[in-house]
Amino acid sequence: MAKKISTLKKVFQRNKQSASTPGDSSTDNIEVIAPNSTETYIATNGDDAATPPAPQSAAKNCSTSTRGGPDSNSMATPRNSNIGEVVPPINPMPSPPLTMAIPSSEQQMDIAYETLIPTLPIHNLPRGGVSIQTQACGFVQFGIPPETIKDSMKLGLEVPSVYIVPVDRFCREMGPALGVNLAEFEFPAYFNFFIQRRKCTLVVDSVDAERNIRRVFSETLLGPAQFREPEKKAGEQSGIQDNGAPSVNALGIRKYEEEDFAPDFPREAIPDFYKELQHFRIMPNGQELVLETLLKFCHFESAPDSDFRDTLGSPPQLMPKVSSADAGNGDADTSASHTTANRKSIGKKTAPKSLTYSQIRWIGDVAKIYPSDAPPEQIAANKTKRVEIFKMPSGTDYILHDIDENNTIVGKVRFSGNVQVSEGISVIGLDGEHQSLSQRQLKIETESTVSSGSDGYDDDDRGGSISHFSESMLPPTFHPPSFGVTVLGNSHGFDKSGSTSGYVLWINGRGVMIDPPPYSSATLEREGIRPRTIVGIILTHCHADHDAGAFQKVLTGSPVVVITTPTIYNSFIRKYAALSSLSPALLKHSHRYKPAVIGEPLRFQGATFHFTYTLHSIPCVGFRVDWRGRSMVFTGDHFNNPPALEKLVEKGVLSKQRAADLNHLPVQETDLLLHEAGAPPIHTPLDVLLKLPLEVKKRLYVVHTSALPEGCELRVAPTGTA
């Protein structure tokens, strides 16, 4: 197994690309002459009204020098900025000028591009990637690591609706960031659609990239294909064959997978995933949710001919004023030299540190993004605002142009094609700003040791509960309990101040991660928990806020056992094989798999698990775990609302036995109940939990929520507990 893990790490490892060396700049010998000289170039907007010329000192600073450092006007990649701060321009060193007479139109555009177009503000995001503000389309973001929308929220920036998907969609560098998904588009798409009421645009580098993203999002948004499409069509993806079993409905679509359930599990209690998932896909307007409801794609295109390049945004015009004595002097030689330099760089197909406008048009593949309200006729006539994004060869650099309705470039920025994920990134709440695990421990007990507090319960009312330890009693390092739970994150994907939900279940001093949040493996190691202490992962379902950390964990550290149902496991493998471009067989070699079968007890690390399917928009499990007379129930994501469940029985979505099992999940006798709450119809409304019996609320902690109302008698499970 160690050899298999080593093989997988080698597949993911990738050498850092060295910075590209400055190429031949076709503007190294061009200077804008100061006012009052015999030759000046004055910027215009295409009409006869000329604007005043630039001052001499500023004009000289616009020259490009191969001896000086790169500057913002020469489209150098911004560096050394603090996270979240706007990257300031870098003052260049002037190069020795070579005065020329009348430049060609191509040279004039290059001069105008360097001297007249401001650099757009670019914000480095804490989790990785950059966000760029444009006039045409608002913020445009490159790189999409997990929980990236929280970076924009926390920095006070608008959450973008346009995202550039990196060529490398996973971090392949060895270290804490290995395996981090750099194309986690699910929650940006959810936020834009459900909160902002707009579509999300993904700019992709290939048809294959779009195909893989579609495959992933169809699975996570709509559910596995076998529960949506007839057997023959779905079987092309999942390998399912129609065997005429009762698990297939009259349309030839699977209702459930036989291997998920014990042979003696009551057939009437098995969920009909075809009906349940379809119920969640129906929007309030009666239409069925499809991928195109949330996403649209834009591709980079190579400029096929000069006519296509002529439609691209152009710099403001330079209008030369030339003395009669110097007219025509030296034009032919300089123009020829300029054209030759451009063709040389184009032939190399590499992106030098300094790029002229002409070079960018020739060597870059371009994607055009229009505002969502742009009229089609104006788009066709090239008379609308837009953003043009140029991808340099191999995706090592990108250049973005902000274009106005006059087809004039009003802003530019160049940025690196490598998404840098900080090695110090942590789970929110365990990032040094809050208490560490060793400072705050809880463990499940069968006898109460908690005094009456703000929750309003007396000791005698508690029954099985949780014990609190004072900080002074704690050892300097973390010691896992015999049986307990560590809450790594307790919030949801839209909460800027909290991490998505994730936990470590401790059994006999060994940890089983439950839906680990992104970056949790490195966070635990910094807290003094050795990777080999974690022996398993329970995966409840394949939404990004629940499975992103699971994939990262199977790629790093010691081998682990993945525990979930066959349906969810196969979905997980299909999803991350598509995103990582690794084969499903190779991914399966990175870990062991232990199937969770509904209706059969599962023994692991001396504890007994009982799994059940909850009610969610895609297949999802909850479970009960028992160990030496103590127990915990974890609901997973679950729509728990008895009156609503009764209506689903009336509509034929649920059977009576299925509804009874769902209603029983939170009220069974247990020492600790972790119950989720969130926005219906895919999560449990808070008022449902408030109506639970008192004896249930005494042992209940609310998870998957950002906060509870003041005066609420329920309790949020605190992070940093065990």
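You'll find the structure just up there.
Now for a description of the structure that goes with this document.

## Observations regarding the environment of Thr612
Then, number 1: Its location among the elements puts Thr612 in strand 22 (residues 607–613).
Then, number 2: Judged by relative accessible area, Thr612 falls into the partly exposed class, the value being 24%.
Then, number 3: Spatially, the C-alpha atom of Thr612 lies 9.9 Å from that of Glu600, the residues being twelve residues apart in sequence.
Then, number 4: Apart from residues no more than four positions distant in its own chain, Thr612 is found in contact with Ile598, Cys620, Val621, Gly622 and Leu665.

## A closer look at the pairing of strand 15 (residues 483–489)
Then, number 1: Most of strand 15 sits out of view: seven of its seven residues are buried.
Then, number 2: Of the strand pairs in this sheet, strand 15 and strand 16 (residues 502–507) are connected by six bridges, and their pairing is antiparallel. Residue pairing in the sheet places Gly489 in a bridge with Gly502 of strand 16.

## Points about helix 3 (residues 105–116)
Then, number 1: The end-to-end C-alpha distance of helix 3 is 16 Å, a good match for the 16 Å that twelve residues give at a rise of 1.5 Å each.
Then, number 2: Those residues of helix 3 lying buried are Glu106, Gln107, Gln108, Asp110, Ile111, Ala112, Tyr113 and Glu114.

## Details of the side chain of Arg228
Then, number 1: Tracing the sequence through the fold places Arg228 in the loop between helix 6 (207–222) and helix 7 (231–238).
Then, number 2: Of note is the side chain of Arg228, whose polar atom sits 2.7 Å from the backbone oxygen of Gly223.
Then, number 3: Setting aside residues up to four positions removed in sequence, Arg228 forms contacts with Ser218, Leu222, Gly223, Ile253 and Arg281.

## Some words on the pattern of salt bridges
Then, number 1: Under the criterion given, the structure shown has 19 salt bridges.
Then, number 2: Salt-bridge contacts for Asp151 lead to Arg127; the nearest nitrogen and oxygen are separated by 2.4 Å. With a gap of 24 residues between them, Asp151 in helix 4 (residues 148–155) and Arg127 in the loop between strand 2 (122–124) and strand 3 (130–134) connect regions that are remote in the sequence.
Then, number 3: A residue is classified by how much of its surface remains accessible, and Arg127, at 8% relative accessible area, is buried.
Then, number 4: In this structure, Lys575 engages Glu186 in a salt bridge whose closest nitrogen and oxygen atoms are separated by 2.8 Å. With Lys575 in helix 16 (residues 566–580) and Glu186 in helix 5 (residues 186–195), this pair connects stretches of sequence that are 389 residues apart. Glu186 shares its class with Lys575; the two are buried.
Then, number 5: By sharing partners, the salt bridges in this structure join Arg127, Glu147, Lys150 and Asp151 into a single network.

## A look at the sheet that holds strand 12 (residues 409–416)
Then, number 1: In spatial order, the strands read 9-10-11-12; together these four strands make up an open sheet with antiparallel pairing. In the strand order of this sheet, the two ends are held by strand 9 (365–369) and strand 12, each with one partner. Put simply, the sheet's adjacent strands are angled 20 degrees from each other on average, direction ignored.
Then, number 2: Summarising the sheet, strand 10 (residues 386–391) and strand 11 (residues 397–403) pair through six bridges and their orientation is antiparallel. Along strand 11, the bridge assignment pairs Val387 with Asp402.

## What to know about the sheet that holds strand 26 (residues 700–703)
Then, number 1: The strand order across the open sheet formed by six strands is 21-22-23-24-25-26, and the pairing between neighbours is mixed. Whereas interior strands pair on both sides, the edge strands pair on one side only; in this sheet they are strand 21 (602–604) and strand 26. Neighbour to neighbour, the strand axes of the sheet diverge by 20 degrees on average, direction disregarded.
Then, number 2: Where strand 22 meets strand 23 (residues 621–627), six bridges bridge the pair, whose relative direction is antiparallel. Across the sheet, Tyr613 pairs through a bridge with Val621, a residue of strand 23.

## Things to note about the pairing of strand 22
Then, number 1: In terms of residue burial, strand 22 counts as a mostly covered element, since five of its seven residues are buried.
Then, number 2: The sheet contact formed by strand 21 and strand 22 spans three bridges and is antiparallel. Bridged to Leu602 within strand 22 is Phe609.
Then, number 3: Turn length for the strand 21-strand 22 hairpin, with the two strands adjacent in sequence and antiparallel, is two residues, and the turn residue Gln605 shows positive phi of about 55 degrees.

## Section: helix 6
Then, number 1: Given a rise of 1.5 Å per residue, 16 residues ought to cover 22 Å, and the 21 Å separating the end C-alpha atoms of helix 6 matches this to within 8%.
Then, number 2: Just past helix 6, the residue Gly223 takes up positive phi, approximately 105 degrees.

## Describing unusual backbone geometry
Then, number 1: A cis amide bond links Pro680 to the next residue, Pro681, at an omega of 15 degrees.
Then, number 2: Position of Pro681 among the secondary structure elements: in the loop between strand 25 (672–676) and helix 20 (686–690).
Then, number 3: Phi angles above zero are rare outside glycine, and Asp515 is one such case at about 45 degrees.
Then, number 4: Among the secondary structure elements, Asp515 is positioned in the loop between strand 17 (510–514) and helix 14 (520–526).
Then, number 5: The class of Asp515 is buried, set by a relative accessible area of 1%.
Then, number 6: Phi is positive for Gln605, close to 55 degrees, though the residue is something other than glycine.
Then, number 7: Take Gln605: it is sitting in the loop between strand 21 and strand 22.

The rules behind the values
- Residues numbered from 1 in each chain as written.
- Predicted model: local features only at pLDDT ≥ 70, side-chain atom pairs only at ≥ 80, totals over all residues.
- Heavy atoms only, no water.
- Helix = DSSP H or I, 4+ residues; strand = E, 2+ residues; numbered from the N terminus.
- Buried < 20%, exposed > 50% of the residue type's maximum accessible area, 1.4 Å probe, protein only.
- Contact = heavy atoms within 4.5 Å.
- Pairing = 2+ DSSP bridges.
- Expected span 1.5 Å × (residues − 1).
- Polar contact = N/O pair within 3.5 Å; in protein donor to acceptor, adjacent residues only side chain to side chain.
- Salt bridge = Lys/Arg side-chain N within 4 Å of Asp/Glu carboxyl O.
- Axes fitted to C-alpha atoms, helices over the stretch in contact; angles between N-to-C directions.

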